[in-house]
Amino acid sequence: MTIKKTIAVAVSGLILLCLGGLALWPSSQLEVPEGARAGSLSMKDCEYDTEDGTVQAECGTLVVPETRDDPDSELIALPVVRIRATGSAPREPIFRLAGGPGGSNMTFPQASRLTESHDLVLVGYRGVDGSRRLDCPEVAGTLQTSDDLIGTETQLRTRTAFRACAERLTKDGVDLTAYSVVQRVEDMEAARKALSYPRIDLLSSSAGTRTAMVYSWRYPASLLRSAMVSVNPPGHMVWDPTITDSQFAQYSRLCAADRGCSARTDDLAATMRTTAGDLPSRWGPLRIKDGNVRVAGMYGMHHNGPGAAPQTAPNIIDAFLSSADGDPSGLWAMSALGDVLLPEGIVWGEFASFAMLDAPTAKAYYAAGGDPGSILGNGGAEFLWGGPEGVATVWPDSPDNAEYRTPRPSATETLLVSGTVDFSTPAQLAAEELLPTLSKGKQVILPELGHTGDFYEHRPEAGKHLLTTFYDTGVVDDSKFDTRPVDFTPAAVSMPTIAKLLAGGTVGGLLIGLAVLGALALRVRRRGGIGRRTGIWLRVLAPIPLGIGGLCAAALLVWSVAPQTPLFSGRVIVPSLALSIGLGVALAWIHPERPARARRTGTGAAIGGAAAGALLGLLALTGIGSTLTAVVGAAAGANLALQLFEGFRKPERTDPAPETATPETAPETAAAEPA
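Note that this is a predicted model, so its numbers are computed, not measured.

**A word on the overall build of the protein chain**
Part 1 of the reasoning: A tally of regular secondary structure across the protein chain gives 25 helices and 11 strands.
Part 2 of the reasoning: With respect to the three principal axes, the spread of C-alpha positions in the protein chain is 135 × 70 × 50 Å.
Part 3 of the reasoning: In the protein chain, which comprises 675 residues, the proportion classed as buried is 54%.
Part 4 of the reasoning: Looking at the protein chain alone, contacts between residues at least 24 apart form 77% of all its contacts between residues at least 6 apart.
Part 5 of the reasoning: Carbon and sulfur atoms form 58% of the exposed surface of the protein chain, whose accessible area is close to 29600 Å².

Right under this line is the structure:
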């Protein structure tokens, strides 16, 4: 093997070795410090990213028991971040409680709005952010391979998946009853004590307001003030379809007053009901999943501000109206994006443990017949709860929950912030069920705003003034807010636009890949192969368009004829890259002097090497990044396989060419012959 070939082998091998190292690299999950005791907290200087840039902070690890009632319980670790107040006379610190459930509590870019007079503290949620994470690949995998996210068969399989996850985690020593909202409150209280704060303020949102409520009921002396944005009283993690339809009616009134929207429909709610009742099954050859559209539609209706685009109410409405006008492309985009984004967007085990607080409500809802025929079929509830035999029937319920399934009286100074068109946490629920229990409670209802994100996006200074004035003085001042009319004009990147970009880009990528592959094949056919130097460059550069083409071909197959196949799974990515990159690299490797048998064997080796490299690259990272590393791995694997094949292949024996008579010998031969 020459020096150049040795270097080529080393480079390809090094790339694959790096990908393998990434695949085997231990996760960065938090660990319990050696020798730590329950309640201990160690802090060190760090930095934290906010919307105003990176700020100095303190980061640490809080150690708590998993099961507080068990003296022999294992310890778990939770991350803690504290951003110090910038002012000289800080007031009570603010503990932030994010929504979800099933999401992290450690990301809060708006923290910089509140740190002028207050420390801002983030404590990780058990089951999500800490040393023990309640992942349920059984559930995510079931949803990823579903023909419809909320179809009847999917709900039955989801129930089985939740049971299997609960059994596996329990067998691994996890106490699932210890991941209730009550235990989350106990974690916050342990952090308060460890940080030596006499009293704290709370800032909660969506499902996080549950934690704030239970905190005020269990430890009123620990709290001064509590601000809840997008309030979710107990029992309402199951959406009320009647209220949801009344919110569609509110959007109908807003649409009627909007020139552009009213020109498209006389009655928005009626048009959406008609369209949802007879959803098209395809956009051209591409499959539209009914349940996916309903789930994505429900979540998209939560926000109407541009910051949440493209998943916003105006874009969802535009997709339905466009379908009513004969263009269902936006509904296909919702269906396709739902398959990709929804199954892994939640830590399902933590969601289930937290949501069991509302299990009796879910059972009662389904016992009464479930959805009565609402516009979106209560798709959000069907997705989270998995139908009448879903989470509520198979996941362990915590004894902690019994006391907190209905609102209790509280004397904590509390501010409730709601939007008039919040599909997730309707303002009327906070007004009717929680506000009467608050002796020092006040509610602000902001016109035409949706869920939490709309509050932080619309008039940031107004939101900052409302919160800081309340925390500093107890006064509720929403005077800086105004009405933001809902803009029914779809965003520049609307759902139909996304659909056309996805479909057009996919077809374009496929054509580019086919063009490169066809050019290589044509060159080999016409000239017997490709020059050695040109072939080297092609083997390095051609895998990029070839890989894109292969992935695009696979995507079109999934979207059209294999809807139960996860788009970014190994069974899609590995074969598509093995064939496209492996075959392309093999064609670039062929040159005129290479024997036919070697060409066939080398092509097989390149395809096999590309498959192995693609799998290694797919395991190296998670998310969309894994697709990129899979392309790199496939290219390196194909090239390495060919380099090793060349290095160890024995030259094929060839028969010597037969001798031919020359002019000089021909007469002699003739003369020697008898006359």
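That was the structure; now back to the text.
**Regarding a nonpolar patch on the surface**
Part 1 of the reasoning: A contiguous nonpolar patch, built from Ile3, Ile7, Val11, Ile15 and Val632 and spanning about 450 Å² of accessible area, is present on the exposed surface.
Part 2 of the reasoning: No other element matches the 4 residues that helix H1 (residues 3-24) contributes to the nonpolar patch.
Part 3 of the reasoning: Here valine 11 is to be found in helix H1.

**Some words on the packing of helix H22 (residues 570-589) against helix H23 (residues 596-620)**
Two quantities define a packed helix pair, namely the angle between the helix axes and the distance between the axes.
Part 1 of the reasoning: Two elements in contact, H22 and H23, have axes whose closest approach is 7 Å; the angle formed by their N-to-C orientations is 140°. Classified by the angle their axes make, H22 and H23 are oblique. Considering how the two elements wind past one another, H22 and H23 form a crossing that is right-handed. Within the contact between the two elements, H22 uses Gly570, Ile573, Val574, Leu577, Ala578, Gly582, Leu583, Ala586 and Trp589 and H23 uses Ala598, Arg599, Gly602, Thr603, Ala606, Ile607, Ala610, Ala611, Ala614, Leu615 and Leu618.
Part 2 of the reasoning: Of the residues contributing to the contact of H22 with H23, the split by class is 15 nonpolar, 4 polar and 1 charged.

**Some words on the pairing of strand S6 (residues 200-206)**
Part 1 of the reasoning: In terms of burial, S6 is a largely internal element, 7 of the 7 residues being buried.
Part 2 of the reasoning: Across 4 bridges, strand S4 (residues 94-97) lies against S6 in parallel orientation. Pairing of leucine 97 across the sheet is with serine 204, part of S6.
Part 3 of the reasoning: Here 6 bridges tie S6 to strand S7 (residues 223-231), and the two strands are oriented parallel to one another. When the sheet's bridge partners are listed, serine 204 is paired in S7 with methionine 228.
Part 4 of the reasoning: Tracing the backbone out of S6, into helix H5 (residues 208-218) and back to the parallel element S7 gives a crossover that is right-handed.

**A word on the pairing of S7**
Part 1 of the reasoning: Taking burial as the measure, the 9 residues of S7 include 9 buried ones, the bulk of the element.
Part 2 of the reasoning: In the sheet, S7 pairs with strand S10 (residues 413-419) via 5 bridges, with the strands oriented parallel. Opposite valine 229, over in S10, you have valine 417 as the bridge partner.

**Details of the packing of aromatic side chains**
Part 1 of the reasoning: All chains considered together, the criterion is met by 21 aromatic pairs.
Part 2 of the reasoning: Ring plane angle 75° and centroid distance 6.0 Å describe the contact between phenylalanine 108 and tyrosine 456, whose orientation is recorded as edge-to-face. Taken together, the positions of phenylalanine 108 in the loop between S4 and strand S5 (120-123) and tyrosine 456 in helix H17 (residues 452-457) put the pair 348 residues apart, joining distant regions of the chain. This pair shows no difference in class: phenylalanine 108 is buried, exactly as tyrosine 456 is.
Part 3 of the reasoning: Through pairs of rings, three or more aromatic residues link up here, namely Phe162, Trp239, Tyr299, Trp348, Phe351, Phe383, Trp385 and Trp395.
Part 4 of the reasoning: The ring of tyrosine 179 has arginine 126 sitting right over it, with the charged end atom 5.5 Å from the ring centre.

**Focus on the packing of helix H2 (residues 137-144) against helix H3 (residues 152-171)**
Part 1 of the reasoning: Running from N to C, H2 and H3 point in directions that differ by 160°, and their axes come no closer than 7 Å. The orientation of H2 with respect to H3, classified from their angle, is roughly antiparallel. Crossing angle aside, the handedness with which H2 passes H3 is right-handed. Contacts between H2 and H3 involve Pro137, Glu138, Val139, Thr142 and Leu143 from the first element and Thr154, Arg157, Thr158, Ala161, Phe162, Ala164, Cys165 and Arg168 from the second.
Part 2 of the reasoning: When grouped by side-chain class, the residues that make up the contact of H2 with H3 number 7 nonpolar, 3 polar and 3 charged.

**Some points on unusual backbone geometry**
Part 1 of the reasoning: Along the chain, glycine 100 connects to proline 101 via a cis peptide bond; the corresponding omega equals -15°.
Part 2 of the reasoning: If you trace the backbone, proline 101 turns up in the loop between S4 and S5.
Part 3 of the reasoning: Of note, the amide linkage connecting alanine 309 to proline 310 takes the cis form, showing an omega dihedral of 5°.
Part 4 of the reasoning: Positioned with a positive phi, serine 230 is a non-glycine residue whose angle comes to about 65°.
Part 5 of the reasoning: Relative to the helices and strands, serine 230 is located in strand S7.
Part 6 of the reasoning: Although it is not a glycine, asparagine 378 sits at a positive phi angle of roughly 50°.
Part 7 of the reasoning: Relative to the assigned elements, asparagine 378 resides in the loop between helix H13 (359-367) and helix H14 (379-385).

Rules used in this analysis
Going along each chain's sequence as written, the residues are numbered from 1 onward. The model is predicted, so local features are restricted to residues of pLDDT at least 70 and side-chain atom pairs to those at 80 or more, both for listing and for counting; the totals for chains, interfaces and linings are taken over all residues. In computing side-chain properties, one takes all heavy atoms of the structure into account and sets aside hydrogens as well as water. Secondary structure is summarised from DSSP: a helix means a run of H or I of at least four residues, a strand means a run of E of at least two, and numbering begins at the N terminus for each. Partly exposed residues are those whose accessible area sits between 20% and 50% of the maximum for their type, while under 20% is buried and over 50% is exposed, using a 1.4 Å probe and protein chains only. In what follows, residue pairs with any heavy atoms lying within 4.5 Å of each other are defined as contacts. Here the accessible surface of atoms and residues is derived via Shrake-Rupley with a 1.4 Å probe, and residues count as covered only by protein chains that are part of the display. In this scheme, patches are assembled from residues that exceed 30% relative accessible area and form no salt bridge. Like charges are connected within 9 Å, while nonpolar side chains (Val, Leu, Ile, Met, Phe, Trp, Tyr) are connected within 5 Å. Criterion for a salt bridge: a side-chain nitrogen of Lys or Arg within 4 Å of a carboxyl oxygen of Asp or Glu. Angles here are taken between N-to-C directions and fall from 0 to 180 degrees, while the axes themselves are lines fitted to C-alpha atoms, restricted in helices to the stretch in contact. Any angle from 65 to 115 degrees is called roughly perpendicular, while one under 35 is roughly parallel, one over 145 is roughly antiparallel, and all others are oblique. By convention the crossing between two helices is left-handed if the near helix lies anticlockwise of the far one by an angle smaller than a right angle, and right-handed if it lies clockwise. Residues are grouped as follows: Ala, Val, Leu, Ile, Met, Phe, Trp, Tyr, Cys and Pro are nonpolar; Asp, Glu, Lys and Arg are charged; all remaining types, including Gly, are polar. Two strands are counted as paired when DSSP detects at least two bridges linking them. Handedness of a crossover is defined as follows: with both strands directed away from the viewer, a clockwise route from the first strand across the helix to the second makes it right-handed. Between rings of Phe, Tyr and Trp, where Trp is taken as its six-membered ring, a pair exists when centres lie within 6.5 Å; planes separated by under 30 degrees are stacked, by over 60 edge-to-face, and by other angles tilted. Working rule: Lys NZ or Arg CZ, within 6 Å of ring centre, within 35 degrees of ring normal, means a charge sits over the ring.

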